[in-house]
Amino acid sequence: MKLPRRNFLHLAVGAAALPVASRVARAQAYPSRPVRIVCGYPPGGVVDIYARLIAQWLSERLGQQFIVENKSGAGGTIAAETVVRAAPDGYTLLLATSADAWNATLYDNLKFNFMRDAAAVATIARSPGVLVVHPSLPFNSVPELIAYAKSNPGKISVASAGIGSAPHMYWELFRSLSGVDMLHVPYRGGGPAVTDLLAGQVQAYFATTASSTEHIRAGKLRPLAVTTAKRLVVLPDVPALAEFLSTYEASIFVGIVAPHNTPAEIIGKLNEEINRALADPRITRRIAEIGDTPLPLSSSEFAALIAAEAEKWGKVIRAANIKPQ
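In short, a report on the structure. (Residues numbered from 1 in each chain as written. Predicted model: local features only at pLDDT ≥ 70, side-chain atom pairs only at ≥ 80, totals over all residues. Heavy atoms only, no water.)

### Digging into the pattern of salt bridges
Alright, step 1. Summed over all chains, the structure comprises 16 salt bridges.
Alright, step 2. Across the pair arginine 61 and glutamate 273 runs a salt bridge, and its minimum N-O distance is 2.9 Å. Here arginine 61, found in helix H2 (residues 46-62), pairs with glutamate 273, found in helix H10 (residues 264-277); they are 212 residues apart in sequence, far enough to count as distant.
Alright, step 3. Since its relative accessible area comes to 40%, arginine 61 is described here as partly exposed.
Alright, step 4. Beyond isolated ion pairs, a larger network of salt bridges with shared partners links Arg61, Glu272, Glu273 and Arg276. (Salt bridge = Lys/Arg side-chain N within 4 Å of Asp/Glu carboxyl O. Helix = DSSP H or I, 4+ residues; strand = E, 2+ residues; numbered from the N terminus. Buried < 20%, exposed > 50% of the residue type's maximum accessible area, 1.4 Å probe, protein only.)

### A short note on the side chain of aspartate 292
Alright, step 1. Note that aspartate 292 resides in the loop between helix H11 (281-290) and strand E10 (293-294).
Alright, step 2. The side chain of aspartate 292 is buried and forms no salt bridge, while arginine 286, the nearest opposite charge, is found at 9.0 Å. (Lys, Arg positive; Asp, Glu negative; His and termini not counted.)

### Observations concerning helix H7 (residues 166-178)
Alright, step 1. An ideal rise of 1.5 Å per residue puts 18 Å on 13 residues; H7 measures up with 18 Å between its terminal C-alpha atoms.
Alright, step 2. Among the 13 residues of H7, 10 are classified as buried, and the element is accordingly described as predominantly covered.
Alright, step 3. Of the residues making up H7, those classed as buried are Ala166, Pro167, His168, Met169, Tyr170, Trp171, Glu172, Leu173, Phe174 and Ser178. (Expected span 1.5 Å × (residues − 1).)

### Structural notes on the environment of alanine 120
Alright, step 1. By secondary structure assignment, the location of alanine 120 is in strand E4 (residues 118-133).
Alright, step 2. Classification of alanine 120 by relative accessible area gives buried; the value is 12%.
Alright, step 3. Once residues within four sequence positions are removed from consideration, alanine 120 is found in contact with Ile256, Val257, Ile267, Ser299, Phe302, Ala303 and Ile306. (Contact = heavy atoms within 4.5 Å.)

### Re the packing of H2 against H10
Alright, step 1. Two elements in contact, H2 and H10, have axes separated by 10 Å at closest approach and are oriented at 110 degrees. Between H2 and H10, the crossing angle belongs to the class labelled roughly perpendicular. In this structure, H2 crosses over H10, and the sense of that crossing is right-handed. Residues Ile54, Trp57, Leu58, Arg61 and Leu62 of H2 form the contact with H10, whose participating residues are Lys269, Leu270, Glu273, Ile274, Arg276 and Ala277.
Alright, step 2. Here the residues of the contact of H2 with H10 are counted per class, giving seven nonpolar, no polar and four charged. (Axes fitted to C-alpha atoms, helices over the stretch in contact; angles between N-to-C directions. Parallel < 35°, antiparallel > 145°, perpendicular 65-115°, else oblique. Left-handed = near helix turned anticlockwise from the far one by under 90°. Nonpolar A, V, L, I, M, F, W, Y, C, P; charged D, E, K, R; others polar.)

### A word on the packing of aromatic side chains
Alright, step 1. Counted according to the given criterion, the structure contains seven aromatic pairs.
Alright, step 2. Aromatic side chains tryptophan 102 and tryptophan 313 sit 5.6 Å apart centroid to centroid with 65 degrees between the ring planes, which places their arrangement in the edge-to-face category. Of this pair, tryptophan 102 sits in helix H4 (residues 98-106) while tryptophan 313 is found in helix H12 (residues 299-320), placing the two residues 211 residues apart along the sequence.
Alright, step 3. Overall, tryptophan 102 belongs to the buried group, its relative accessible area being 0%.
Alright, step 4. Using a relative accessible area of 0% as the deciding quantity, one classes tryptophan 313 as buried.
Alright, step 5. Feature note: the residues Trp102, Tyr170 and Trp313 constitute an aromatic cluster, connected by ring pairs.
Alright, step 6. Over the ring of tyrosine 91 we find arginine 33, and its NZ or CZ is 3.7 Å from the ring centre. (Phe/Tyr/Trp six-rings, centres within 6.5 Å; stacked < 30°, edge-to-face > 60°. Lys NZ or Arg CZ within 6 Å of the ring centre and 35° of its normal.)

Below you can see the structure in the form of structure tokens.
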């Protein structure tokens, strides 16, 4: 049966529009059931706080429960592998950090490639660190610390939250730029590291602002510098490390990623909602209380950031020959 040319063209155009209509309908219907946000760190930490903060927002905005699932261990790689192996349908997400980008260099036996297997969805915040020391130490500034460490090689102990953790990366960058020799003491998490620092068992630590600000204000820890290029609003009197080491800048991103091949319409919907959260005073106030800065980006800008973090910290890991425990 032959169709009139006009009818044929109408049918052809309609058929071509079907995939687009299907994708739009799928995005409009999403989510139609609960969504899990997998977090690679234990409950109560800063990363977990962000997971629950954004889960609550998305639950309220999208009408389905976003449930946080903690899968800690192996520097976050267990959680990351869980997500990248999941169905790419938007119902399994990862609360990702810069560690997920540098783990590709740190671990040489991963069964997945984060850069290839994860799709950037949306950033939430930039999280800086602060170099703190026990008040018993005889110096009050970064130049004094560097001079003392060079005069007393190996005599100052610097804690970290474990091999490959953000405090460890911050320390390695500091060591490479300053040339100091200090004893690195890795702990199993930031909590034990801060506990021993307060007790004077270790002497220095690149802490998160969330874990250290209260102790700084109470005089239990002495801040020498923040790790960002500029001073922080939450600690305005504390200099930036870049004021002494001009190229020093260290902070981690916190954001949401999904499995590769997750529909672009679903990624776009999540990105829009998360960026809307970052414009809400309740959310920005909570981020400021943690000591961090909101970081609204498009999904493509987030993808570029992940690539840049992987390159930057990969160089640090290779130069220091860091190997996971």
